[in-house]
Amino acid sequence: MYNLYPHQVESYDAITNMFNDDTVKSGRIVIPTGGGKTLVESYALRDRINVDARNIHLVLAPRITLVNQLIKDYRIAIGQNYLAVAFHSGRAEPDYEKVRWSETATTSTQVLDDEMTRAKNMGKDLVIFSTYASAHKLLNMKFDTLIADESQYCVSENYFDVVRDIDATKKLYFTATERHTNSSRGRGLNNEDVFGSVLYQVAPRTLIKRGNIVPPRLHVMTAESKSESYTIINEVIEIAQKQSELSVNMPVTKILFAMKGTDDVKSITENIADIKAVMPSYKIFTIVSNQKYGAMIDGVKMARGNFMKGLRECDHALIFHYDILSEGIDIDGITGVAILRNMQHSKLLQTIG
């Protein structure tokens, strides 16, 4: 059992009240990045599983990497008293021991049928962890609970109708950065007919004041092309050296680069030797959705699970991505973020968080 921070207790109490009110079906929880939304989510699910009849619950997240993370985090927080299955655009595999990811397979509704039968025979609830992209295949199912992580994705044109039409007794929408529309009947999270009212919200400044999260420090750098040969490689080396100086008193230095596009990440992959010649103590992590490149450490391709494990365990790292290591994905020990492109407000807040 974890010791909850005051804002986690407050949000959990608000959710409990919503669960106990038969007139309220949906609600939103807004907690800043780093404020521990996942723990609140898992405790909310804990209170819904194995209560009366054996039920089916759904947890949605935007990316396979985040789905993987949530399965592990939920298990750590609330134990083994349910059966879980991953359902996404990769290989669907029950988490008997751990979930292995393969992004080449397709979802299988037969897997869900089999796991629903197995859960019923075991006398346990079934929790389906799915990406938003795969959720449309679940519209014929009835869920007790829907938990939408990073719920700002729900307003996407591709996902809004699906999330709205998922049949669940209770729906909870968690985010750090709500997206609203001018109309309260639009695809924004402020459409209370779809997403419900805000059950709980806390501002970043409140958590900073309480010491729960730390305030970011902004350093503005101007990089000038000294010659025609000045490339993205020269740029990231210059930024990495400056970030390293700022972190000189820290035991670890991990710098996350939000690149301008996947082509720039590929350029890093193809010029790792030049970067390591200047910064030999740093491991170079690159990740893109392209199958040829995928996730690499020092130019060696590997499974994403091993990529994240290597990132957690190393002391000094330069991490390059475009839009994969973003909302909700925990990367321990990041000492700096280099933002090399324009970002929407919510994406910027998530990246800094």
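Calculation rules
- Residues numbered from 1 in each chain as written.
- Predicted model: local features only at pLDDT ≥ 70, side-chain atom pairs only at ≥ 80, totals over all residues.
- Heavy atoms only, no water.
- Helix = DSSP H or I, 4+ residues; strand = E, 2+ residues; numbered from the N terminus.
- Contact = heavy atoms within 4.5 Å.
- Areas by Shrake-Rupley, 256 points an atom, 1.4 Å probe, with all protein chains shown as cover.
- Pairing = 2+ DSSP bridges.
- Axes fitted to C-alpha atoms, helices over the stretch in contact; angles between N-to-C directions.
- Buried < 20%, exposed > 50% of the residue type's maximum accessible area, 1.4 Å probe, protein only.
- pLDDT = per-residue confidence, 0-100.
- Left-handed = near helix turned anticlockwise from the far one by under 90°.
- Nonpolar A, V, L, I, M, F, W, Y, C, P; charged D, E, K, R; others polar.
- Polar contact = N/O pair within 3.5 Å; in protein donor to acceptor, adjacent residues only side chain to side chain.

Looking now at the overall build of the protein chain. Within the protein chain, the regular secondary structure consists of twelve helices and 13 strands. Within the protein chain, contacts between residues separated by at least 24 positions form 70% of all contacts whose residues are at least 6 apart in sequence. Of the accessible surface of the protein chain, which amounts to about 17,100 Å², a share of 47% is contributed by carbon and sulfur atoms.

Whether parallel or antiparallel, the strands of a sheet pair through hydrogen bonds between backbone atoms. Pairing is mixed across the open sheet formed by six strands, whose spatial order is S11-S10-S9-S12-S8-S13. At either margin of the open sheet sits one strand with a lone partner, and together these are strand S11 (300-302) and strand S13 (336-339). Taking each pair of neighbouring strands and ignoring which way they run, the sheet shows an average axis angle of 20°. Summarising the sheet, strand S9 (residues 283-287) and strand S10 (residues 295-297) pair through three bridges and their orientation is antiparallel. Within the sheet, the bridge partner assigned to Ile287 lies in S10 and is Ala295. The strands that helix H8 (residues 232-246) touches are strand S8 (253-258), strand S12 (316-321) and S13; relative to S8, the one it contacts most, it runs at about 140°.

With respect to the helices and strands, Thr253 occurs in strand S8. On the accessibility criterion, Thr253 (3% relative accessible area) is buried. Every residue in contact with Thr253, bar those within four places of it in the chain, is listed here: Ser244, Ser247, Tyr282, Asp315, His316, Ala317 and Thr335.

So, about the environment of Ser247. Structurally, the position occupied by Ser247 is in the loop between H8 and S8. Once the C-alpha coordinates of Ser247 and Thr335 are considered, the two residues, 88 residues apart in sequence, prove to be 7.0 Å apart. Apart from residues lying up to four places away in sequence, Ser247 is in contact with Thr253 and Thr335.

Per-chain confidence: the protein chain averages 83 in pLDDT, with 81% of residues scoring 70 or above. The low-confidence segment residues 91-106 (pLDDT under 50) makes 39 contacts with residues lying over four places distant or belonging to another chain.

As summarised here, the arrangement of the seven strands in space is S3-S4-S2-S5-S6-S1-S7, forming an open sheet in which the pairing is parallel. In this open sheet, the two edge strands, each paired with only one partner strand, are strand S3 (83-87) and strand S7 (197-201). Direction aside, neighbouring strands of the sheet carry axes that sit 20° apart on average. Relative to S7, strand S1 (residues 26-30) runs parallel, the two sharing four bridges. Each residue of the ladder has a partner; that of Gly27, found in S7, is Ser197. Where helix H3 (residues 64-78) meets the sheet, its contacts fall on strand S2 (56-61), S3, strand S4 (126-131) and strand S5 (142-148), and the angle it forms with S4 comes to roughly 155°.

Time to look at the packing of helix H2 (residues 37-46) against H3. Closest axis-to-axis distance for the H2/H3 pair is 9 Å, and the angle between their directions is 65°. For the pair H2 and H3, the sense of crossing is right-handed. The segment H2 lies against H3, with Thr38, Leu39, Glu41, Ser42, Tyr43, Leu45 and Arg46 engaging Leu70, Asp73, Tyr74, Ala77 and Ile78. A class-by-class count of the residues in the contact of H2 with H3 yields seven nonpolar, two polar and three charged.

What follows deals with the environment of Lys124. Among the secondary structure elements, Lys124 is positioned in the loop between helix H4 (109-122) and S4. Considered as a pair, Lys124 and Ile49 are 75 residues apart in the sequence and their alpha carbons are 8.2 Å apart. A distance of 3.2 Å separates a polar atom in the side chain of Lys124 from the backbone oxygen of Gln80.

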